[in-house]
Amino acid sequence: FKEGLIFGEDMHAAARLLLAGYKIAYVADAKVYHSHNYTILQDFKRYFDMGVFHKTENWLIKEFGKAGQHGLAYVRSELAFLLRRKRLDLLPGFLVRIAAKYLGYFLGRQYKLLPRRIAKRLSMNPNWWNRRHA
């Protein structure tokens, strides 16, 4: 893994492998348990760090494209799920969470415009900001 990344070591490694000619396979019967039960603030901070990662490792966007279309597909899918299940009571929380993620990502992409002390507070990885990466 590349040293000094704020986020996305696995994404960075996978991208480098793909560019080196390797393949990444989806294995349906693999057993992997990975879950986060983040608060809305933690989601914001995670997506802030993702935005910083995409800004500092901009070659990923150039090589593989933006994630925006996938994000919109996710929002549509979740909205359809809530509507099918008639769970309109969950809609406000879902919309707030999506807004927090979007705002976090947007601000992370603009991190160079923010004072370091503010960026550090917005980040899920505040120790990263103690190094001179940004």
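One can find the structure itself at the top, above this paragraph.
Let me begin by describing the structure that accompanies this report. (Residues numbered from 1 in each chain as written. Predicted model: local features only at pLDDT ≥ 70, side-chain atom pairs only at ≥ 80, totals over all residues. Heavy atoms only, no water.)

To continue, consider the overall build of the protein chain. Each helix and strand counted, the protein chain has 6 helices and 0 strands in total. For the protein chain, the sequential pattern of α-helices and β-strands runs α-α-α-α-α-α. A principal-axis box enclosing the C-alpha atoms of the protein chain has dimensions of 50 × 40 × 25 Å. For the protein chain, buried positions account for 23% of its 134 residues. For the protein chain, the accessible area works out to roughly 10000 Å², and carbon and sulfur atoms hold 58% of it. (Helix = DSSP H or I, 4+ residues; strand = E, 2+ residues; numbered from the N terminus. Buried < 20%, exposed > 50% of the residue type's maximum accessible area, 1.4 Å probe, protein only. Areas by Shrake-Rupley, 256 points an atom, 1.4 Å probe, with all protein chains shown as cover.)

Along its 19 residues, helix H5 (residues 91-109) runs 27 Å from first to last C-alpha, staying within 8% of the 27 Å computed at 1.5 Å per residue. Among all positions of H5, only Phe94, Ile98, Ala100, Lys101, Gly104 and Gly108 are buried. The arc that holds the buried residues of H5, viewed along the axis, is 155°, so those residues lie on one side. Projecting away from the buried face of H5 at angles above 90 degrees are the exposed residues Pro92 and Tyr102. (Expected span 1.5 Å × (residues − 1). Arc of directions from axis to C-beta.)

A separate point is the pattern of salt bridges. Evaluation of the coordinates by the stated rule reveals 3 salt bridges. In this structure, Asp43 and Arg97 form a salt bridge, with 2.6 Å as the shortest nitrogen-oxygen distance. Residue Asp43 is found in helix H2 (residues 40-56), and its partner Arg97 is found in helix H5; the two are separated by 54 residues along the sequence. The exposure class of Asp43 is buried, given its relative accessible area of 7%. Look at Arg97 and you get partly exposed, because its relative accessible area is 25%. One salt bridge in this structure joins Asp89 and Arg87, with 2.7 Å as the shortest N-O distance. According to the relative accessible area criterion, Asp89 is exposed, its value standing at 51%. The exposure class of Arg87 is partly exposed, given its relative accessible area of 35%. (Salt bridge = Lys/Arg side-chain N within 4 Å of Asp/Glu carboxyl O.)

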